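Results of the structural survey
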Amino acid sequence: MFSKTLLAIGVALLPVTFATPIALEERALANYVEEVTIHSSCNTTQRRQLTKALSDTWELVSMAKEYTYTNGANDSLYELYFGDGPITNVIGAFDAVLKSNKDGVLLRCDDIDGNCRLPGWRGHWRGENGTAETVICDASYTDRKSNDQFCAFGYTVAGSSPSYYFGTDLLHRLYHVPQITDGKVEHYADSYDECLDLAKNNATFATLNTHSLQYYANHVFAIEVAQGGESCIGRADVAGAASAPATATSSAALACHTHADGALHCE
Ligand SMILES: *[C@@H]1O[C@H](CO)[C@@H](O)[C@H](O)[C@H]1NC(C)=O
Ligand SMILES: *[C@@H]1O[C@H](CO)[C@@H](O)[C@H](O)[C@H]1NC(C)=O
Ligand SMILES: *[C@@H]1O[C@H](CO)[C@@H](O)[C@H](O)[C@H]1NC(C)=O
Ligand SMILES: *[C@@H]1O[C@H](CO)[C@@H](O)[C@H](O)[C@H]1NC(C)=O
Ligand SMILES: [Zn+2]
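One structure accompanies this document, and this report is about it. (Residues numbered from 1 in each chain as written. Chains lettered and ligands numbered in written order. Predicted model: local features only at pLDDT ≥ 70, side-chain atom pairs only at ≥ 80, totals over all residues. Heavy atoms only, no water.)

1. Some words on the site of ligand 1
Every residue near ligand 1 is listed here: Asn-43, Thr-45, Gln-46 and Asp-138. The separation between an oxygen atom of ligand 1 and a polar side-chain atom of Asn-43 is 2.3 Å. Expressed as a share of its isolated accessible area of 360 Å², the protein-covered part of ligand 1 is 37%. Among the residues making up the shell around ligand 1, the classes are represented as no nonpolar, three polar and one charged. (Near = heavy atom within 4 Å. Polar contact = N/O pair within 3.5 Å; in protein donor to acceptor, adjacent residues only side chain to side chain. Areas by Shrake-Rupley, 256 points an atom, 1.4 Å probe, with all protein chains shown as cover. Nonpolar A, V, L, I, M, F, W, Y, C, P; charged D, E, K, R; others polar.)

2. Things to note about the nonpolar core
One recurring pattern in soluble globular proteins: nonpolar side chains tend to sit buried together. With 61 residues, the main nonpolar core has Leu-50, Tyr-81, Phe-94, Tyr-192 and Tyr-216 as its most contacted residues. For this core, the secondary structure elements donating two or more residues are helix H2 (44-71), helix H3 (76-82), helix H4 (87-99), helix H6 (166-175), helix H8 (192-201), helix H10 (210-224) and helix H11 (229-233). For this core, the element with the most residues is H2, which contributes nine residues. Sequence-distant contacts of Phe-94, that is, excluding residues within four places in its chain, are made with Val-61, Ala-64, Lys-65, Thr-68, Tyr-175, Leu-213, Tyr-216 and Ala-217. (Core = buried A, V, L, I, M, F, W, Y, C linked by side-chain atoms within 4.5 Å. Buried < 20%, exposed > 50% of the residue type's maximum accessible area, 1.4 Å probe, protein only. Helix = DSSP H or I, 4+ residues; strand = E, 2+ residues; numbered from the N terminus. Contact = heavy atoms within 4.5 Å.)

3. Some remarks on the sheet that holds strand S4 (residues 133-136)
By definition, the strands of a sheet pair up through backbone hydrogen bonds, in either a parallel or an antiparallel sense. The strand order across the open sheet formed by four strands is S1-S2-S4-S3, and the pairing between neighbours is mixed. Lying at the two open borders of the sheet, with one neighbouring strand each, are strand S1 (37-38) and strand S3 (123-125). Of the strands in this sheet, strand S2 (106-108), S3 and S4 are in contact with H6, which crosses S4 at around 145 degrees. (Pairing = 2+ DSSP bridges. Axes fitted to C-alpha atoms, helices over the stretch in contact; angles between N-to-C directions.)

4. So, H10
Helix length check: H10, at 15 residues, gives a terminal C-alpha distance of 21 Å against a target of 21 Å (1.5 Å per residue), a fit within 8%. In terms of residue burial, H10 counts as a mostly covered element, since 13 of its 15 residues are buried. (Expected span 1.5 Å × (residues − 1).)

5. A short note on the pattern of salt bridges
Any two side chains of opposite charge can pair, so long as their charged atoms come close to each other. Overall, the coordinates contain 13 salt bridges when judged by the stated rule. The closest approach of N and O atoms between Asp-169 and Arg-173, which form a salt bridge, is 3.0 Å. Taken together, the positions of Asp-169 and Arg-173, both in helix H6 and four residues apart, correspond to about one turn of that helix. The burial state of Asp-169 is the same as that of Arg-173; both residues are buried. The partner of Asp-193 in a salt bridge is Arg-235, with the nearest N and O atoms 2.7 Å apart. Remark: Arg-235 occurs in the segment after H11 and Asp-193 occurs in helix H8; sequence separation between them is 42 residues. (Salt bridge = Lys/Arg side-chain N within 4 Å of Asp/Glu carboxyl O.)

6. What to know about the state of the cysteines
On inspection of all chains with the given rule, the structure shows three disulfides. Covalent S-S linkage joins Cys-116 and Cys-137, the inter-sulfur distance amounting to 2.0 Å. Classification of the bridge connecting Cys-116 and Cys-137 rests on its S-S torsion, roughly -75 degrees, and on that basis the disulfide is left-handed. One end of the pair, Cys-116, is in the loop between S2 and S3; the other, Cys-137, is in the loop between S4 and helix H5 (138-143), with 21 residues separating them in the sequence. Overall, the relative accessible area of 1% leaves Cys-137 in the buried class. Note that Cys-151 is cross-linked by a disulfide to Cys-232, the S-S spacing being 2.0 Å. Given an S-S torsion of about -85 degrees, the disulfide between Cys-151 and Cys-232 has left-handed geometry. Pair noted here: Cys-151 is in the loop between H5 and H6 and Cys-232 is in helix H11, with a separation of 81 residues, a long-range link. (Disulfide = S-S within 2.5 Å.)

7. Here we look at H8
Side chains of residues three or four places apart in an α-helix project in the same direction, reflecting 3.6 residues per turn. Every buried residue of H8 is listed here: Tyr-192, Cys-195, Leu-196, Leu-198 and Ala-199. Seen from one end, H8 has its buried residues packed into an arc of 155 degrees, which puts them on one side. Residues of H8 that are exposed and angled more than 90 degrees away from the buried face: Lys-200 and Asn-201. Next to the buried residues of H8 lie H3, helix H9 (203-206) and H10. (Arc of directions from axis to C-beta.)

Right, dumping it as structure tokens:
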């Protein structure tokens with residue numbers, strides 16, 4: 001009888017012959033899905049580009065996480081973006097993207113909320129219309145760049161949009177999905193200078209700030225993978241960087257970014 005009860009609970013791998021009963025709480029592992037799903041509304045061209053962009057996100061984030069736990073919190077890049085903020089937040093924010101349960105997390109291509117018609121929109125989180133869902137608009141497929149093109153086209157970490165590359169754009173979009181970080185990674189500072197100030201003045205929030213995590217991941221990738229050197233960083237006043245001044249290249253493209261209700265983000 002006792003054994004049957006245990007088996008019925010379905011908590012696998014437990015021996016079923018205890019001398020004395022142990023009070024077991026019934027619990028079950030949720031269905032686990034590691035990968036983001038690409039919705040059936042995406043045609044083959046879009047699906048292939050999204051698959052590539054997601055793999056770019058994975059490459060970017062894996063590199064950033066590895067760099068972080070390898071070099072530690074006293075690393076000059078770490079300190080530039082996160083000050084003396086807790087390294088566990090940063091490792092966790094990257095690991096969450098790699099490993100959190102993406103059951104139901106969806107990228108879709110059907111402009112179901114009708115926002116892609118608005119000028120400048122490249123996608124948006126669906127907010128209350130679907131908290132795990134993100135719409136990617138057509139413009140993303142024509143102007144987001146791939147990791148293979150890192151440090152090309154005059155891109156600089158400090159002077160270009162943190163979402164210039166499709167992979168880091170999707171990183172941003174995933175941070176809007178509550179399932180990824182339980183909503184703990186948010187918008188606390190957006191421009192490059194504001195992010196550096198946040199590291200100095202409010203380091204804990206820098207470790208939880210979407211753009212700080214993007215800028216740092218981009219910086220690590222520029223140095224470690226793309227090997228773009230200082231001209232890819234683009235700021236003489238940034239440690240480890242020099243030469244080319246900030247260019248603020250794509251700020252004109254940074255249309256719309258409302259987060260009061262968390263709904264938008266369409267740059
Ligand atoms: C997929 O959709 C895009 C945008 O509407 C279009 O430009 C492209 O030709 C489509 N690709 C295929 C294979 O149908
Ligand atoms: C980082 O530097 C601080 C201050 O010098 C020191 O207390 C701490 O142990 C260092 N941490 C590591 C991981 O080396
Ligand atoms: C740090 O930033 C958070 C979020 O913007 C804010 O609530 C908090 O008051 C700030 N703390 C300090 C010391 O500035
Ligand atoms: C959610 O759907 C409503 C009704 O279609 C729409 O007005 C609203 O803009 C949508 N929200 C987002 C974030 O797209
Ligand atoms: Zn955003």
